[in-house]
Amino acid sequence: MRKKLKMSKDLRHLLFSFLLAIIAWSNVSWAQTALKPVIADFDASINLADRTEFLLTEQSMLLSDVLNKSNWKQHRDIVNIPANTSLWLRFSVTNESTANKMLTLIAGNTFIDRAEAYLLDEQGRIIQSSRLLNDLSNSANLSRNGFKMSFTSRAESRFTIYLQIQDDGLSLIPIELWQSESYAKQSSMRLILIGAMSGGLSLLATYFLFTYILRNAPSRFWFCVFSVSAMTTMLSAEGILPVLFMLPSFAAELTAISLISTLFAAIKITRIVFAPVSEVWIRAHYVLLVLPLVGIVLLDDFYQLIVLISFAAIFFASKLTATVFYRKAIDLRSAIIYFIGWLTLGLVVAIEFFTFIQQASHLSFAAPYPFALSCLGVMLIGVAIISREQSIQAKNSANQIEQISHLEQYNDLFQHAAEGLFTAYPNGDFIHVNPAMCGLFGYKNNTEFLKHNKNLVNLFVDTKDVDLLLGELSIQQTVLGKEVKGKRRDESEFWFSISCQLKKVKDQTLQFGSLFDITERRLHQINLQYLNTHDQLTGLYNRRHFLQIMTEKIDKFAESGQSFALVFLDVDQFKIINDTCGHSAGDIYIKELSLELFDVVSDKYPFARLSADQFGILVKYEDGNKLRHFASKLLEKVRNFGFRWDRHLFNQSVSIGIAVHTTEVSSAEELLSYADTACLIAKEGGRDKIHVYSPELGMHSSYQRELYWINEVRSALKDDGVELFYQHYRPLNEQDERDYYEVLVRLRTQDNDLVAPDFFMPSAEKAHISHNIDKNVIENYFKWLNTHSENILTLAKANINLSGFSLSDDDFRFFLLNAFEKYQIPYDKICFEITETMAIIKMKDAIEFINEFRKLGCTFALDDFGSGFSSYSYLKNLPVDYLKIDGNFIRDILSDKIDLAMVTSIRDVAEAMNLKTVAEFVETSEVMVQVGKLGLDFAQGFCIAQPLPLSEYTSYTQQEQTDKKMLHSKL
């Protein structure tokens with residue numbers, strides 16, 4: 001045996017002392033037994049440990065020298081043989097019978113390096129000798145698991161046997177004497193059992209290997225490795241495999257490597273069967289596998305055996321623990337079988353260990369129990385693997401049945417869906433379409449549809465839309481709600497919304513999509529877009545769109561250098577028509593006048609109605625004479641226009657103000673202000689005139705008015721001239737005794753006049769002081785509400801208007817938070833109103849402000865909703881709670897179908913977004929009944945209550961009772 005690296009002396013002595021203690025405990029009487037000769041007439045076998053003496057000598061000492069030694073000691077199975085030392089054993093055999101006896105001596109184990117025996121008669125002559133050398137694998141005396149020598153014990157004779165053994169370190173040297181006939185039977189039985197076990201394991205390994213190839217089940221492959229490794233471990237321990245490979249000196253190493261391979265395969269099996277298994281558990285076992293490998297290099301054969309037995313015991317215990325711990329990961333049947341399999345193998349290890357320490361026969365495999373248990377344990381592990389696979393297969397089958405059921409449901413959904421559904425390849429080639437899609441495009445069935453439409457491109461009016469759709473789909477993998485124009489089988493065009501996504505199905509990328517008809521909604525959107533940019537009465541551009549066009553021209557002026565002028569027209573004394581014949585007559589006059597003016601303007605220039613009786617035209621400016629000539633034609637056209645209503649004939653004139661755009665003009669509002677100023681000069685000059693704005697008019701008219709109101713606002717804020725009013729509004733479709741009202745602001749001028757916000761708020765916003773008004777209103781209202789805390793209990797909602805500048809002012813937010821805290825006002829009692837225009841212009845600030853205070857409990861209303869029909873496109877981005885419908889739609893709702901349609905549309909949008917609606921300008925009970933029928937939630941207007949000073953506040957219930965008493969007293 002080749003030399004090993006030596007372990008530390010302390011560790012070696014510790015292990016040696018421990019093992020001696022175990023054996024001494026199991027054989028407490030051996031040291032006290034006197035040595036006796038062996039009587040040849042014994043049964044099958046006899047253990048010679050208590051009848052043998054041993055002596056340690058130098059390896060060079062001969063038998064003749066040993067015979068003269070007297071310091072012999074009684075033999076023990078585990079002996080420490082130092083380097084360059086031989087262990088000599090001797091015992092005597094007496095045959096007292098009259099017949100010869102054929103005996104066989106068995107000594108040592110598979111791992112000893114060298115053994116040599118001498119048979120001496122009573123005269124000390126050598127009768128027979130035998131030798132074991134591990135480098136002579138074909139020696140006749142080489143046993144598969146130790147030294148063997150057969151000899152004849154002659155009748156009525158006595159002889160002594162000397163046995164010389166060479167090995168390194170601690171060695172296990174059991175010594176037995178057998179009747180040769182019994183030994184032959186037992187050896188044959190042992191070989192038969194080993195062969196049967198090896199054959200069984202080979203069959204199992206072969207079966208699982210072929211089924212692994214067929215099923216590609218990793219657990220079967222590792223069980224094949226497990227079976228082969230277990231077989232090689234047994235054959236190596238028995239000394240058979242080292243002989244076959246002509247490596248008898250490497251028996252210990254082959255045994256250790258085979259056992260490590262067996263345990264490695266077992267780890268793999270556990271990981272697969274109990275998946276998922278903790279990575280910590282797996283890695284810990286891999287680390288443990290390194291210890292026996294290190295032992296092959298560092299330890300002697302005996303210590304290798306001890307480490308392997310210890311490691312196997314730990315491993316089996318870990319396997320049993322893991323089976324119990326991870327049992328819930330698999331079915332109970334497989335877990336139980338797996339547990340019993342490892343428990344059986346662990347029992348085999350325990351039997352072999354106790355056989356070893358009890359110094360039983362080295363032919364332990366001759367006993368049927370370890371053999372049967374080994375075969376049973378390995379077989380049960382294989383059965384557990386098959387059981388686990390069957391369990392998984394049964395579960396998969398159940399899942400497949402469930403999936404088939406789901407597929408049937410999905411097929412029903414696909415076939416009966418109201419929307420058009422399709423499956424296609426990524427390039428748009430159709431695979432399947434459902435009946436709804438066939439009907440949408442005018443086809444009877446799926447076959448007819450696919451016959452005429454191979455690709456998405458066949459459904460689109462513009463093929464560029466298909467390219468854009470597929471390009472966006474390939475990048476983003478999902479496209480939602482893309483609106484395109486399609487064509488039916490009869491070539492009629494319609495709008496549809498298409499959504500689709502790319503998904504991998506069985507390693508193939510497919511496109512799944514849905515589409516539905518949005519023609520009606522699209523036409524409605526087109527109408528809304530038209531209303532967003534055009535005046536309802538005249539069909540001309542409205543003020544907002546006109547200002548937008550003007551802004552674009554101003555922005556492009558730096559690039560194009562194309563100058564233009566704004567022609568501003570104001571109908572002179574238009575109030576006469578309204579007062580004489582009513583507003584209906586005034587509307588008809590404006591409509592007919594716009595047609596007369598359009599004859600001059602045509603569609604060459606942008607033409608808009610800016611207010612009730614004002615118009616604006618953007619004209620390309622070349623020189624002043626042409627501009628005046630154009631304005632004169634407008635004056636002449638109006639002079640020749642007579643408007644007849646019943647018996648009245650009106651010949652109204654217009655005043656025209658012109659403002660030419662220059663580089664000094666920075667905004668559309670500024671240019672409009674200049675034109676308005678020029679128009680006022682024309683009116684003051686006698687009407688029916690034209691006036692062109694010049695810079696020296698800057699301090700005239702509108703500018704002076706703005707400056708006046710700014711001074712009035714600042715004075716009112718300083719002198720407490722801001723007064724608060726309130727106006728009740730009521731729910732329409734539910735009984736609620738609580739109070740709902742809007743806090744209104746009025747300005748007390750220096751002339752002691754009380755004016756509404758329409759007069760001073762625009763100027764305050766331009767001067768960026770509107771937020772100071774908001775602060776004043778909130779401070780005074782919160783203070784009043786805190787003082788009259790009894791009103792908080794009956795208050796449902798108090799609405800407070802905020803200007804656009806307050807939304808973007810961080811200081812205002814801090815002020816507002818402090819005000820809530822200072823006056824202890826419940827957040828949920830306050831609803832802030834934001835005008836639609838300001839919300840759109842300051843969209844980002846508005847959203848941040850709303851989100852911040854909604855989290856605290858405040859609610860928000862969008863005021864004057866519908867005044868510009870871009871409202872719909874922005875509404876979904878504004879997290880408001882109420883829509884206050886512009887009063888211009890409510891006032892004439894009983895007679896104007898367009899107003900009715902618009903209010904209905906706003907109600908539908910609000911319901912879809914779960915928003916409450918408030919109708920403004922409800923001035924008659926008939927209008928209130930109508931908005932109630934439409935399903936609006938609240939009504940506000942003179943029909944409900946008139947604005948009153950907050951200092952005279954009464955609840956709505958009290959106010960209603962007071963009104964009834966006054967009415968009763970009048971009656």
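Conventions and cut-offs
- Residues numbered from 1 in each chain as written.
- Predicted model: local features only at pLDDT ≥ 70, side-chain atom pairs only at ≥ 80, totals over all residues.
- Heavy atoms only, no water.
- Helix = DSSP H or I, 4+ residues; strand = E, 2+ residues; numbered from the N terminus.
- Buried < 20%, exposed > 50% of the residue type's maximum accessible area, 1.4 Å probe, protein only.
- Contact = heavy atoms within 4.5 Å.
- Areas by Shrake-Rupley, 256 points an atom, 1.4 Å probe, with all protein chains shown as cover.
- Salt bridge = Lys/Arg side-chain N within 4 Å of Asp/Glu carboxyl O.
- Pairing = 2+ DSSP bridges.
- Axes fitted to C-alpha atoms, helices over the stretch in contact; angles between N-to-C directions.
- Polar contact = N/O pair within 3.5 Å; in protein donor to acceptor, adjacent residues only side chain to side chain.
- Phe/Tyr/Trp six-rings, centres within 6.5 Å; stacked < 30°, edge-to-face > 60°.
- Lys NZ or Arg CZ within 6 Å of the ring centre and 35° of its normal.
- UniProt positions renumbered as here; feature names shortened; annotations may be inferred.

Counting its regular elements, the protein chain contains 32 helices and 36 strands. With 971 residues in all, the protein chain has 49% of them scored as buried. Contacts spanning at least 24 positions in sequence make up 68% of the contacts within the protein chain whose residues lie at least 6 apart. Surface summary for the protein chain: the accessible area is close to 48500 Å², and the carbon and sulfur share equals 55%.

Enumeration over the complete set of coordinates arrives at 32 salt bridges. We note a salt bridge from Arg 738 to Asp 736, for which the minimum N-O separation is 3.1 Å. For Arg 738, a relative accessible area of 39% corresponds to the partly exposed category. The exposure class of Asp 736 is buried, given its relative accessible area of 11%. When salt bridges that share partners are traced, they join Glu 742, Glu 833, Lys 884 and Glu 920 into one network.

This part takes up unusual backbone geometry. Its identity is not glycine, yet Ser 602 carries a phi of approximately 55 degrees, on the positive side. Mapping Ser 602 onto the fold places it in the loop between α17 (583-601) and β21 (607-611). Ser 602 sits in the partly exposed class, given a relative accessible area of 27%. Positioned with a positive phi, Arg 687 is a non-glycine residue whose angle comes to about 65 degrees.

Strand order in the open sheet formed by five strands is β16-β15-β19-β18-β17, with antiparallel pairing between adjacent strands. Across the chains shown, the open sheet's two edge strands, defined by having one partner strand only, are β16 (430-433) and β17 (478-487). For this sheet the average axis-to-axis angle between neighbouring strands, irrespective of direction, equals 25 degrees. With respect to the sheet, helix α13 (residues 463-476) is in contact with β17, β18 (493-505) and β19 (508-517), its orientation differing from that of β17 by roughly 170 degrees.

Our next topic: the sheet that holds strand β20 (residues 564-571). Hydrogen bonding along the main chain pairs the strands of a sheet, whether they run parallel or antiparallel. One open sheet accounts for five strands, arranged β21-β22-β20-β25-β26; its pairing is mixed. Bordering the open sheet on either side are β21 and β26 (690-692), each of which pairs with just one other strand. Neighbour-to-neighbour, the strand axes of the sheet open up by a mean angle of 25 degrees, direction not taken into account. Lying over the sheet, helix α18 (residues 624-639) contacts β20, β22 (614-620), β25 (654-660) and β26, oriented at roughly 165 degrees with respect to β25.

Attention now goes to the side chain of His 728. Topologically, His 728 is positioned in strand β27 (residues 722-731). For His 728, the side chain forms a polar contact with the main-chain oxygen of Tyr 740, separated by 3.4 Å. Engagement of the side chain of His 728 in a polar contact is seen with the backbone oxygen of Thr 954, the distance being 3.0 Å. Dropping the residues within four chain positions of it, His 728 is found in contact with Asp 739, Tyr 740, Tyr 741, Gln 940, Ile 944, Ala 945, Tyr 953, Thr 954, Ser 955, Tyr 956 and Gln 959.

Next up on the list: the environment of Leu 802. One can find Leu 802 in strand β30 (residues 795-802). Considering only alpha carbons, one finds Leu 802 and Asp 774, 28 residues apart in sequence, at a separation of 6.1 Å. With residues near it in sequence (within four places) discarded, Leu 802 still touches Asp 774, Ile 778, Phe 812, Phe 832, Glu 833, Ile 834 and Phe 849.

All right, on to the packing of aromatic side chains then. This model, assessed by the stated rule, comprises 49 aromatic pairs. Measuring from centroid to centroid gives 5.7 Å for Tyr 729 and Phe 938, while their planes differ by 75 degrees, and the two rings are edge-to-face. In this pair, Tyr 729 sits in strand β27 while Phe 938 sits in strand β35 (residues 938-940), placing the two residues 209 residues apart along the sequence. Here the basic side chain of Arg 746 rests over the ring of Phe 725, its NZ or CZ set 5.5 Å away from the ring centre. Between the NZ or CZ atom of Lys 884 and the centre of the ring of Tyr 729, over which it lies, the distance is 5.8 Å.

The UniProt entry lists residues 191-214, 221-244, 250-269, 281-299, 305-326, 335-357 and 369-387 under the feature "transmembrane region" (unreviewed entry), expressed in the numbering used here. For residues 221-244, helix accounts for 92% and strand for 0%, while the C-alpha atoms at its two ends are 26 Å apart.

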